[in-house]
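# Remarks on the overall topology
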Amino acid sequence: MFKSVSFVFLVLLVLQLTFVEAFQNARALSAGQTNTMSTNSIATSSTTTTSLSMGLFDSFSKAFQNTEYGPPAEAIKASARHILVPTKAEAKVVLKMISTGEATFAECAQDFSTCASASQGGSLGSFSPGKMVPEFDKVIFDPETKIGELQGPILTDFGFHIIMVDKRTGGGDWY
């Protein structure tokens, strides 16, 4: 039984391929183009290029191409700056200096931060969730955290952070 079904399937496939090839040749000839398609080639001569349509089997190939849904959404990322200090008291002093306008975020980062990012004004660049410690990620990717507002002090294993989110991308409407 299985052999006869396989044979019928194979015959139908060959017939469909032959019909499609003949149809494409006729279409090309009616358009005034020469189409020299062989049974082993899907591409046509240098004047035209067509793809072989396989009717029912196109849906199988489309299922694996995922072309109906377009390109994937932009990855979720954030850009942020931070100032890392060893004590909560020092973090509060730095927060007060920035809040009152006594110093800028970048100046405080260069003067107080123990992180290597201090030389870049505390900038951490762009990163995705999971790249930073969980306490840090929780603040950065929290929808309630507003862009450009000071956050902190946030305690991690490294010390106390004062954080400012500069930008978030991806993630749809939850930002």
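So, a few notes on the structure that sits alongside this text. (Residues numbered from 1 in each chain as written. Predicted model: local features only at pLDDT ≥ 70, side-chain atom pairs only at ≥ 80, totals over all residues. Heavy atoms only, no water.)

This brings us to the overall build of the protein chain. For the protein chain, the helix and strand inventory stands at five helices and four strands. Its helices and strands taken in sequence order, the protein chain reads α-α-β-α-α-β-α-β-β from the N to the C terminus. Scored against the burial criterion, the 175 residues of the protein chain give a buried share of 29%. The contacts of the protein chain with a sequence gap of at least 6 include a subset with a gap of at least 24, amounting to 57%. Roughly 11,600 Å² of accessible area belongs to the protein chain as shown, and the carbon and sulfur atoms make up 61% of that amount. (Helix = DSSP H or I, 4+ residues; strand = E, 2+ residues; numbered from the N terminus. Buried < 20%, exposed > 50% of the residue type's maximum accessible area, 1.4 Å probe, protein only. Contact = heavy atoms within 4.5 Å. Areas by Shrake-Rupley, 256 points an atom, 1.4 Å probe, with all protein chains shown as cover.)

What follows is about the pairing of strand E4 (residues 159–169). E4 sits mainly inside the fold: nine of its eleven residues count as buried. Looking at chain direction, strand E1 (residues 77–85) and E4 are connected through nine bridges and run antiparallel. Residue pairing for E4: Lys77 is matched across the bridge by Thr169. As paired strands, strand E3 (residues 150–156) and E4 are joined by five bridges and run antiparallel to one another. When the bridges of E4 are listed, Leu155 appears paired with Phe160. Here E3 folds back onto E4 in antiparallel fashion, the turn holding two residues. (Pairing = 2+ DSSP bridges.)

Attention now moves to the packing of aromatic side chains. Enumeration according to the criterion identifies one aromatic pair in this entry. Between Phe127 and Phe141 the ring centres are 6.1 Å apart and the planes differ by 90 degrees, which places this aromatic pair in the edge-to-face class. With Phe127 in strand E2 (residues 123–127) and Phe141 in the loop between helix H5 (134–140) and E3, this pair connects stretches of sequence that are 14 residues apart. Residue Phe127 is classed as buried on the basis of its relative accessible area, which comes to 5%. With a relative accessible area of 9%, Phe141 lands in the buried category. Geometry around Phe105 places Arg81 over its ring, the cationic atom sitting 4.9 Å from the centre. (Phe/Tyr/Trp six-rings, centres within 6.5 Å; stacked < 30°, edge-to-face > 60°. Lys NZ or Arg CZ within 6 Å of the ring centre and 35° of its normal.)

Attention shifts here to helix H3 (residues 88–100). Between the first and last C-alpha of H3 there are 18 Å, a value that for 13 residues agrees with the 18 Å anticipated at 1.5 Å per step. Here H3 has its buried residues at Ala91, Val94, Leu95, Met97 and Ile98. One face of H3 carries all of its buried residues, which in axial projection span an arc of 160 degrees. When the buried face of H3 is taken as reference, the exposed residues oriented beyond 90 degrees from it are Ala89, Lys96, Ser99 and Thr100. Positive backbone phi, at 85 degrees, marks Gly101, one or two positions downstream of H3. (Expected span 1.5 Å × (residues − 1). Arc of directions from axis to C-beta.)

An order of E2-E1-E4-E3 is seen for the four strands of this open sheet, with the pairing classed as antiparallel. The sheet is open, and its two edges are formed by E2 and E3, each paired on a single side. If you compare each strand with its neighbour and ignore which way they point, the axes differ by 35 degrees on average. Set on the sheet, helix H4 (residues 105–112) makes contact with E1, E3 and E4; between it and E1 the angle comes to about 50 degrees. (Axes fitted to C-alpha atoms, helices over the stretch in contact; angles between N-to-C directions.)

Limitation: the analysis is restricted to geometry and does not speak to function.
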